[in-house]
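Descriptive analysis of the structure
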Amino acid sequence: MRFTRTSWVMGIGTIAVLMGLSGCGKQQTILQKDAVKYPEAVRLYQQGCNTCHGDNLQGGIGPNLQHVGSQLTEAQIRHRIEVGSGPMPAYGAPGDAIYTPSQIQALTQWLSAQK
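This write-up is about the structure you can find in this document. Here the structure is a predicted model, which is why all the values come from computation and not from measurement. (Residues numbered from 1 in each chain as written. Predicted model: local features only at pLDDT ≥ 70, side-chain atom pairs only at ≥ 80, totals over all residues. Heavy atoms only, no water.)

**Description of the packing of aromatic side chains**
One pass over the structure, following the stated rule, counts 2 aromatic pairs. With centroids separated by 5.4 Å and ring planes inclined at 70 degrees, the aromatic side chains of Tyr 45 and Trp 110 adopt a geometry described as edge-to-face. With a gap of 65 residues between them, Tyr 45 in helix 3 (residues 39–48) and Trp 110 in helix 7 (residues 101–112) connect regions that are remote in the sequence. Judged on exposure class, the residue Tyr 45 and its partner Trp 110 are both buried. (Phe/Tyr/Trp six-rings, centres within 6.5 Å; stacked < 30°, edge-to-face > 60°. Helix = DSSP H or I, 4+ residues; strand = E, 2+ residues; numbered from the N terminus. Buried < 20%, exposed > 50% of the residue type's maximum accessible area, 1.4 Å probe, protein only.)

Printed below as a string of structure tokens:
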């Protein structure tokens, strides 16, 4: 079988289209992967946490959270969100709460799943 220049171009074009459709070479961020299952938590994280913890939980000013569910219990994560730690503000401070208890619970559940 003999390949012509046109068949090569068509073949390479088809491969390029299929790679583009499959997302080959592009990895989704943790936030993109989790946005369907944990929409409220991802939204809250993007609004108030990613400045210090990074747009993929990779850390920066604050610690890396990509595996926080393996490092802290759910109760410890909730406590850290509620009362803060070091430079991290207390998001659930009585009388001055930034997040509601249900919002803190959403973040806690999502972060606990980061193993």
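Once you've had a look at it, read on.
**So, the state of the cysteines**
What makes a disulfide is a covalent bond joining the sulfur atoms belonging to two cysteines. Summed over the entire model, instances satisfying the criterion amount to 0 disulfides. Distance from the sulfur of Cys 49, which forms no disulfide, to the nearest cysteine sulfur (Cys 52) is 8.7 Å. Overall, the relative accessible area of 32% leaves Cys 52 in the partly exposed class. (Disulfide = S-S within 2.5 Å.)

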